[in-house]
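Below are the chains, spelled out letter by letter.
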Amino acid sequence: MRGRNDTGQSKRPIVLCCAMIVCLCLLFLYFSGSNGKPGSTAFEYGTKFSRTLGWGSDDGEDGSEESIFGTGDADDVKPKRFPVCDDRHSELIPCLDRNLIYQMRLKLDLNLMEHYERHCPPPERRFNCLIPPPHGYKVPIKWPKSRDVVWKANIPHTHLAKEKSDQNWMVEAGEKIKFPGGGTHFHHGADKYISNIANMLDFKDNNINNEGMLRTVLDVGCGVASFGGYLLSSNVIAMSLAPNDVHQNQIQFALERGIPAYLGVLGTKRLPYPSRSFELAHCSRCRIDWLQRDGILLLELDRLLRPGGYFAYSSPEAYAQDEEDLRIWKEMSALVERMCWKIAEKRNQTVIWVKPLNNDCYRRRAPGTKPPLCKSGDDPDSVWGVPMEACISPYPEQMHRDGGTGLAPWPARLTTPPPRLADLYVTADTFEKDTEMWQQRVENYWSLLGPKVKPDAIRNIMDMKANFGSFAAALKEKDVWVMNVVPHDGPSTLKIIYDRGLIGSNHDWCEAFSTYPRTYDLLHAWTVFSDLDKRGCSAEDLLLEMDRILRPTGFIIVRDKSTVIEFIKKYLHALHWEAVTVVDAEPSPESEESEMILIIRKKLWLPEAGSQNSST
């Protein structure tokens, strides 16, 4: 008995120790999920109401065919409020969140830039909180002044001003940050640099738009996007692209300035743009190893360039100052020659290559020449999550015979039916009717917005389901730009949008968009929620995402069926949104069910109180 009692007593400390260890482990997991702070007071993972109602799944495998929007009944569940995220999440980009990568222990190849690519949280790890603006946030300075100056409080990061002080990227000026228009290879201003490129290409009057034939540009490694900002005055629009890397906030600065931009990287996946979208690709000291993996990154640019498109490259290798530069230049020259690119001009620190107009050069190459042509089954317009291939995308036979795109010069190309409509079996008549219909709809939108919108209040616009881009085309006379988003699983209409001289991206609205918080003034959501319903994704997650990317005092236009409108109205208070107006939409030929229009404005609220404030 004594022996048994001793054994029992000796086991108790062990049991207690084990229990303490378990408790400590649970506490560690609880705190580590939020980098050392309790999640319950700052944010919650997942979407509470989505989990309750069974909406959190991205695959819709619950077997229910009932709409997530219910019947519009007043008794449906509605939230009273959402928690406010910690201040440290004021710049959260859910699918480009470095903390998520660490927490999920993703095994990524840093050499291939996989850690800068999209890695989205699963539904149970999504934030169920409102992203607060930084302390002291102000309504952004309006375009065109914003090209040159922004409020420092809105993006309180000045390390680039110090790091790039000799290159005139940006300068601190009291409460503001100024942008002199400089860059790594254009210290004296982007305007002079752009004019020099036009001069090298012998364009009339040194105008980069080449009498309307050069309209869309891809600026890789864009910095704070001064190159793209100064192109706009020449009626040229650039997709300024940079990762969320060691030079953080580059794209955030670009969008705060009112310049089109997107967070992305040349890593392992294709960029979310269709083939033959850009007349010019540009890299000014973008620090990309173009020779890696058999030239795969340069071949991605080749996929994106139109027939006769240019690649302007400003870098030490272009003027070969030392042995290493000479080696890189020699190998790069050999690579582009095998790709059938030719030097259009080489001057000082810049070389400009031009892509062939047809397939003749590809067909003359010796058998076995690398890089090879892509396989016949490869779709160069399939991009969402598609790995890059080290191969050349040849032109379709019709484009080869035409020796070019057949596009009209800008601005006529905006309303001229492009040849690639035939790829989608869409007639010119359908295209023209779509353009006319959206012209009328946009005029109606602006009349509904009425006195709520000052003439310069809107600059950055996102059309969340752009179709042919006719919503954006209808805004041509306004001083705005539109990010045209095309669902990744629908018809590949994004190439039509680029052929019209507009820009955009493929996307999956079951996930977060690749942008910083507070970067758009107006979101247009035409049947986006109805589409989400069919896929079984979370409508509440989408509302939170829209709130994340919308600037305070910005607007949302929802055009959808009545059950969707009633559903969204229940969340207005919880999101600190206010309804501007709700009306019946005009009859829609492409919709079997009648639609309604809900116009919403986001209030400016302070993170200290987690409640609304002035919405001037």
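Not measured: the values here are computed from a predicted model. (Residues numbered from 1 in each chain as written. Predicted model: local features only at pLDDT ≥ 70, side-chain atom pairs only at ≥ 80, totals over all residues. Heavy atoms only, no water.)

## Structural notes on the overall build of the protein chain
At step 1: A tally of helices and strands in the protein chain yields 19 helices and 19 strands.
At step 2: Classification of the 616 residues of the protein chain by burial places 55% in the buried group.
At step 3: Counting only contacts in the protein chain whose residues sit at least 6 apart along the sequence, the fraction spanning at least 24 positions is 71%.
At step 4: Of the roughly 27100 Å² of accessible surface on the protein chain, 52% is carried by carbon and sulfur atoms. (Helix = DSSP H or I, 4+ residues; strand = E, 2+ residues; numbered from the N terminus. Buried < 20%, exposed > 50% of the residue type's maximum accessible area, 1.4 Å probe, protein only. Contact = heavy atoms within 4.5 Å. Areas by Shrake-Rupley, 256 points an atom, 1.4 Å probe, with all protein chains shown as cover.)

## Notes on the pairing of strand S14 (residues 520–526)
At step 1: Here S14 lies mainly inside the structure; seven of its seven residues are buried.
At step 2: Summarising the sheet, strand S11 (residues 460–463) and S14 pair through three bridges and their orientation is parallel. Paired with isoleucine 461 across the two strands is leucine 522, which belongs to S14. (Pairing = 2+ DSSP bridges.)

## Focus on the pairing of strand S7 (residues 278–284)
At step 1: For S7, the tally of buried residues reaches seven of seven residues, placing the bulk of the element in the interior.
At step 2: Here strand S4 (residues 216–220) pairs with S7 via four bridges, running parallel. In the strand pairing of S7, leucine 218 is matched with alanine 281.
At step 3: Pairing geometry for S7 and strand S8 (residues 305–314), over six bridges, is parallel. Each residue of the ladder has a partner; that of phenylalanine 278, found in S8, is leucine 305.
At step 4: As for the winding sense of the linkage, the β-α-β connection from S7 through helix H8 (residues 292–304) to S8 is right-handed. (Right-handed = clockwise from strand over helix to strand, strands pointing away.)

## Points about the sheet that holds strand S15 (residues 550–561)
At step 1: With mixed pairing, the seven strands of this open sheet are ordered in space as S13-S12-S11-S14-S15-S17-S16. The sheet terminates laterally at strand S13 (503–507) and strand S16 (577–584), the two strands that pair on one side only. In this sheet, neighbouring strand axes are inclined to one another by 15° on average, regardless of whether the strands run parallel or antiparallel.
At step 2: Judged from the seven bridges that link them, S15 and strand S17 (residues 595–602) form a sheet pairing that is antiparallel. Residue arginine 559 lies in a different strand from S17, and its bridge partner there is isoleucine 597.
At step 3: Across the face of the sheet, helix H16 (residues 528–535) comes into contact with S14 and S15 while running at roughly 70° to S15. (Axes fitted to C-alpha atoms, helices over the stretch in contact; angles between N-to-C directions.)

## Looking at the nonpolar core
Soluble globular proteins tend to bury their nonpolar side chains together.
At step 1: Core analysis: the biggest nonpolar cluster contains 124 residues, and Leu218, Tyr273, Trp290, Leu298, Phe311, Met462 and Phe529 have the highest contact counts within it.
At step 2: Among the nonpolar cores identified, the runner-up in size contains 21 residues, and Ala190, Ile197, Phe203 and Leu280 belong to it. (Core = buried A, V, L, I, M, F, W, Y, C linked by side-chain atoms within 4.5 Å.)

## As for the confidence of the model for the protein chain
Caution applies to low-pLDDT regions: their predicted coordinates should not be interpreted in detail.
At step 1: Per-residue confidence for the protein chain gives a mean pLDDT of 87, with 84% of residues at or over 70.
At step 2: Residue range residues 26–64 is modelled with pLDDT below 50. Its contacts to residues more than four positions away, or to other chains, number 77 contacts.
At step 3: Below a pLDDT of 50 lies the segment residues 609–616, which in the model reaches 23 contacts outside its immediate sequence neighbourhood of four places, other chains included. (pLDDT = per-residue confidence, 0-100.)

## Section: the state of the cysteines
At step 1: The full count for this structure, using the stated rule, is six disulfides.
At step 2: Paired by a disulfide, cysteine 85 and cysteine 129 hold their sulfur atoms 1.9 Å apart. Disulfide cysteine 85-cysteine 129: the torsion about the S-S bond is 85°, which places it as right-handed. Of this pair, cysteine 85 sits in the loop between helix H2 (48–53) and helix H3 (98–104) while cysteine 129 sits in the loop between H3 and strand S1 (149–151), and the two are 44 residues apart along the sequence.
At step 3: Bridging cysteine 374 to cysteine 391, the disulfide has an S-S length of 2.0 Å. Sign of the S-S torsion, about 90° for the bond between cysteine 374 and cysteine 391, identifies this disulfide as right-handed. Within this pair, whereas cysteine 374 is found in the loop between helix H11 (360–364) and helix H12 (397–402), its partner cysteine 391 is found in the loop between H11 and H12, the two being separated by 17 residues in sequence. (Disulfide = S-S within 2.5 Å.)

## A look at the sheet that holds strand S5 (residues 237–242)
At step 1: Taken together, seven strands build an open sheet; the order of strands is S6-S5-S4-S7-S8-S10-S9 and the sheet is mixed. Each edge of the open sheet carries a strand with a single partner, namely strand S6 (261–263) and strand S9 (342–347). Taking each pair of neighbouring strands and ignoring which way they run, the sheet shows an average axis angle of 20°.
At step 2: Pairing analysis gives five bridges linking S9 to strand S10 (residues 350–354), with the strands arranged antiparallel. Among the inter-strand pairings, lysine 346 is bridged to a residue of S10, identified as valine 351.
At step 3: Where helix H5 (residues 190–200) meets the sheet, its contacts fall on S7, S8, S9 and S10, and the angle it forms with S9 comes to roughly 130°.

## Description of the pattern of salt bridges
At step 1: All chains considered together, the criterion is met by 31 salt bridges.
At step 2: The salt bridge involving arginine 88 is made with aspartate 86; its shortest N-O contact spans 3.0 Å.
At step 3: Judged by its relative accessible area of 16%, aspartate 86 is buried.
At step 4: Lysine 569 is the salt-bridge partner of glutamate 566, the closest N and O atoms lying 3.3 Å from each other. You can see glutamate 566 and its partner lysine 569 sitting in helix H18 (residues 562–569), three residues apart, about one turn around the helix. (Salt bridge = Lys/Arg side-chain N within 4 Å of Asp/Glu carboxyl O.)

## Regarding the packing of H16 against helix H17 (residues 539–549)
At step 1: Look at H16 against H17: their axes get within 10 Å of each other, and the N-to-C directions meet at 140°. For the element pair H16 and H17, the recorded crossing hand is right-handed. Only Ala539, Leu542, Leu543 and Met546 of H17 make contact with H16, whose side of the interface consists of Val528, Phe529 and Leu532. (Left-handed = near helix turned anticlockwise from the far one by under 90°.)

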